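Chain residues, written in single-letter form:
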Amino acid sequence: MQTQDTHKQPENDLNGSSVADLKRDFLNKLFYVQGKFPALASLNDYYMALSYTVRDRLLERWINTAAIYTDSGARTICYLSAEFLMGPQLGNNLINLGIYDQAQQAVEELGLDLDALLEQEEEPGLGNGGLGRLAACYLDSMATLEIPSIGYGIRYEFGIFEQDIRDGWQVERTDKWLRFGNPWEISRPEWAVEVKLGGHVDHYTDEQGRYRVRWIPYEVVKGVPYDNPILGYKTNTANTLRLWTAEAPESFDFAAFNSGNYAGAVHKKMVSENVSKVLYPNDDSDRGKRLRLTQQIFFVSCSLQDTIRIMQVQDLPLAKFHEKFVIQLNDTHPAISIAELMRLLVDEHYMKWDQAWAITQRTFAYTNHTILPEALERWPIALFSSLLPRHMEIIYEINHHFIDDVRMKFPDDPDRIARMSLIDESGEKYVRMAHLACVGSHAINGVAALHTELLQQDVLSDFYALYPHKFSNKTNGVTPRRFVVLSNPRLTDLISSKIGNGWIKHLDELKKLEAYVDDIEFQQEWQDIKYNLKRDLANQIVKDYGINVDPHSLFDIQAKRIHEYKRQHLNVLHIITLYNRIKANPDIDITPQTFLFGGKAAPGYFMAKLIIKLINSVADVVNRDPDVRDRIKVVFLKDYSVKFAQHVYPAADLSEQISTAGKEASGTGNMKFAMNGALTIGTLDGANIEIREEVGAENFFLFGLTEQEVQKMSADGYSPIDYYHTNLELKLAIDRIASGFFSHGDPELFKPLLHTLFDRDPYFLFADYQAYIDCQHQASLVYRDLERWTRMSILNVARMGKFSSDRSIREYCEDIWHIKPVKVELNTSMPDNL
Ligand code: HBZ
């Protein structure tokens, strides 16, 4: 049984949180909300009943929080993000409310199993990967740190696709996460707003002779907010995640209906509802997709109109907008809000341009998450103007002022102006969203030290030259509540038994674990926990895939989106190399190793899908070959999700963070693995560098080219084929694939992948191959000394304090947002009168 005995019961609870209270309410919900009695109830009914029971306790905090924010007129951070990858809510809410143990006992006394109920939840997969999950971690930390905040995003009807594997290939299925209802959201149709699209713009003079602008749209879409409570850990603060769903303004176009055009009337409704229908499954940009731009303006306009409504409710003048709100742009997906806020202030609230611009710049801050050029968003002017004619005009106007500023600071430098302009005019014309974000914000940040450095020196260097004061680094962090306390209760209990549970809110306190690093008993307990977690995962694997993996073997895991720059195929080259060594010498002494992969490929990204096929093809051969004698096993874990990740991170010995240096902005999986006691094998990329600094070089398996070496090699002319010809093991590994050995004799199957490697190898696999193989070997030797490995594992956890998202959020609050915590007291009684 898993326990969470580090959490004590909260006080001042209107609903009560004793086991008896929870049991009573659970049965009430089952009868009066689900309308079921036990003989008829499904597992889902029980899940819903428990969720509603928990939600009542949450609502109390939510209502009190809203009341205090309203009364105090608190300065608020709005986190605008096209993605929030929240993961399942029930377990997290039980932890944050401090009633996990009581709930477990309550359902047990009713003959149910809490783990089974938790598994029942369909997670809201409203994000692709790191960017969306970061937004979710930040919501958790903002609530825990009692920071007034609102998350604004899109309530996609279909989140990230479900991944199936057929014949080794990825197959996508729609994610119908809402099909059994969502107990955590409350719709607020009374706060619906309208968003205009298309049409044209009139400039005219009104009866009083004033210059006015009127946008006559082609269509209007209604946005209805759904609110989700975001509870802090052991605080009374419950902030809001407000997600917008698109509807037709009227469910029927009665004019069309009455004239007999029923289909036409319904069609319009369908078109509107498409806007929030599906999450785009690419983790780089969806260039030129009209619906994607529509989604962006949709949620941005809804959210900004909502902030203005809040100003009005609180009787605040719009001139103080930037005092009331600061808006963080999670990458450029919401960057259109810079033009939209200008439009709202100038066109709809008649503010003067200069004042509106000053407010806008003081309101926005921009986080960049990538320097891959193909991922920098830009929109063709033709598409942009046809969907957003007024925003196009506003962007031209902003650009006009901006270029004047550049010219003032850098006279006679037309190249610089062309480079920096909000409009790319080098060929077909585009709006450059990152430039808009830089110009319209007072703060710009990268997500790890190296990444920020590269932004300043490379991708955004012109902006850094113009606005050095705007730039800062904010290294990412992750929430230890979800990724340690909830997902690894055994480790949590062991840690808390030694150093108390203060670390859950103050992760730096993990440092105290260093005192136990030589304690043999503690080491033994640490090892036992890891072993048991690996055994649990092994049991799951045998159940799901029929593959036996040995929990004593080294669990080496690479779990993240599939991307060439993340180099899952470098990992595969190592596996093939081990396999070749075994085939050449069946009695070779190697450390038994289990290689686990998980991750989705964008449906249109052929090379990524081919990498999945390669992993599965190699797995098929290696796992069956009797010569291998089970010493190495390879498993591709399908349909990787937040829920699944919570089982995977705790079971890892070795975490693969092997991107080409300079390409991974930060990475956050690297932090989650290390917090659960995995050691990292990694390059000097993203936050790996800082993780290594914290845990100590001796506790980190480092290999590979540095970012500067990669740059230099690129500039000097990199010739991958030379590595192939001079490195025998590399040649053997590649030849195995090329011969069709892993593809039933078909030499064509993996040709596109091999061709890219021979031809350009843009991610330097061949150049890093030998260093990776050597480093893997080193790691496998250290693993044989379990005591040494365990010491390293303990030290990794002890030194992970920096990577709490609480630290990141504190930095945002101090350097960018200038927001202070607001304490929420629980006012336990219901009002006597209204
Ligand atoms: O953001 C990731 C970075 O690759 C990773 O290094 C970083 O740790 C993380 C958080 O800062 N970027 C993404 O996850 N990006 C996307 O998911 C994405 C989604 C839709 C797009 C573009 C990017 O249109």
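Within every chain, residues take consecutive numbers counted from 1 along the sequence as written. In keeping with the model being predicted, local features are shown solely for residues with a pLDDT of at least 70 and side-chain atom pairs are shown and tallied solely at 80 or more, while totals for entire chains, interfaces and linings include all residues. Where side-chain values are given, they derive from all heavy atoms of the structure, hydrogens and water being excluded.

### Remarks on the overall build of the protein chain
For the protein chain, the count of helices and strands is 33 helices and 25 strands. This radius of gyration counts C-alpha atoms alone. The globule rule is 2.2 Å times how many residues there are, raised to the power 0.38. Over its C-alpha atoms the protein chain spans a radius of gyration of 27 Å, differing by no more than 12% from the 28 Å that the globule rule assigns to 834 residues. Counting only C-alpha atoms and orienting by the principal axes, one finds that the protein chain spans roughly 95 × 75 × 60 Å. Of all 834 residues assigned to the protein chain, the portion counted as buried reaches 61%. Residue-level accessible areas treat just the shown protein chains as cover; the underlying method is Shrake-Rupley with a 1.4 Å probe. By element, 51% of the accessible surface of the protein chain is carried by carbon and sulfur atoms, the whole surface being about 31600 Å². In this tally, Asp and Glu contribute negative charge and Lys and Arg positive charge; neither His nor the terminal groups of the chain are included. Lysine's charge is taken at NZ, arginine's at CZ, aspartate's at CG and glutamate's at CD. Distance between charge centroids for the protein chain: 2 Å, based on 89 positive and 114 negative side chains. The numbering of helices and of strands both runs from the N terminus, where a helix is a DSSP run of H or I of at least 4 residues and a strand a run of E of at least 2. When accessible area is computed with a 1.4 Å probe and restricted to protein chains, residues below 20% of their type maximum are described as buried, those above 50% as exposed, and intermediate ones as partly exposed.

### Observations concerning the sheet that holds strand β15 (residues 378-380)
For two strands to be treated as a pair, DSSP must find no fewer than two bridges joining them. Taken in spatial order, the three strands make up an open sheet running β15-β17-β16, and their pairing is antiparallel. Only two strands of the sheet have a single neighbouring strand rather than two, namely β15 and β16 (423-424). With two bridges connecting them, β16 and strand β17 (residues 430-432) associate as antiparallel partners. Directly across from Ile-423, in β17, lies its bridge partner Val-431. Only heavy atoms enter the contact rule, under which two residues are in contact if any of them lie within 4.5 Å. The axes used here are C-alpha line fits, helices contributing only the stretch in contact, and every angle between their N-to-C directions lies in the interval 0 to 180 degrees. Along the sheet, helix α16 (residues 433-440) contacts β15 and β17; its crossing angle with β17, the most-contacted strand, is approximately 40 degrees.

### Some thoughts on the nonpolar core
Counting residues in hydrophobic clusters, the biggest one holds 114 residues, and the most contacted among them are Phe-384, Phe-402 and Trp-817. Considering every element that reaches this core, the biggest residue donor is helix α9 (residues 290-313), with ten residues. With near-sequence residues (within four places) excluded, Phe-402 lies in contact with Met-420, Leu-422, Val-439, Phe-463, Leu-466 and Tyr-467. Only buried residues count toward a nonpolar core. Its members are Ala, Val, Leu, Ile, Met, Phe, Trp, Tyr and Cys residues joined through side-chain atoms within 4.5 Å.

### Structural notes on the packing of aromatic side chains
Stacked, edge-to-face and tilted are the three classes for Phe, Tyr and Trp ring pairs, Trp counted by its six-membered ring, which pair at centre distances within 6.5 Å; planes under 30 degrees apart are stacked, over 60 edge-to-face, the rest tilted. With the rule as written, the count across this model stands at 23 aromatic pairs. When the centroid spacing of 6.0 Å and the interplanar angle of 5 degrees are considered together, the rings of Phe-402 and Phe-463 count as stacked. In this pair, Phe-402 sits in helix α14 (residues 389-409) while Phe-463 sits in helix α18 (residues 461-466), placing the two residues 61 residues apart along the sequence. Taking the relative accessible area as the measure of exposure, Phe-402 reaches 3% and is therefore buried. Summarising the aromatic geometry, the rings of Tyr-640 and Phe-644 are spaced 6.4 Å apart at their centres and angled 90 degrees between planes, so their arrangement reads as edge-to-face. Exposure class is identical for Tyr-640 and Phe-644. Each is buried. Within the aromatic cluster, the residues linked to one another by ring pairs are Tyr-79, Tyr-138, Tyr-812 and Trp-817. Any Lys NZ or Arg CZ found within 6 Å of a ring centre and within 35 degrees of that ring's normal is scored as a charge over the ring. It is Arg-212 that lies over the ring of Tyr-350; its NZ or CZ is 3.7 Å from the centre. Positioned over the ring face of Phe-410 is Arg-416, at 3.7 Å from the centre of the ring.

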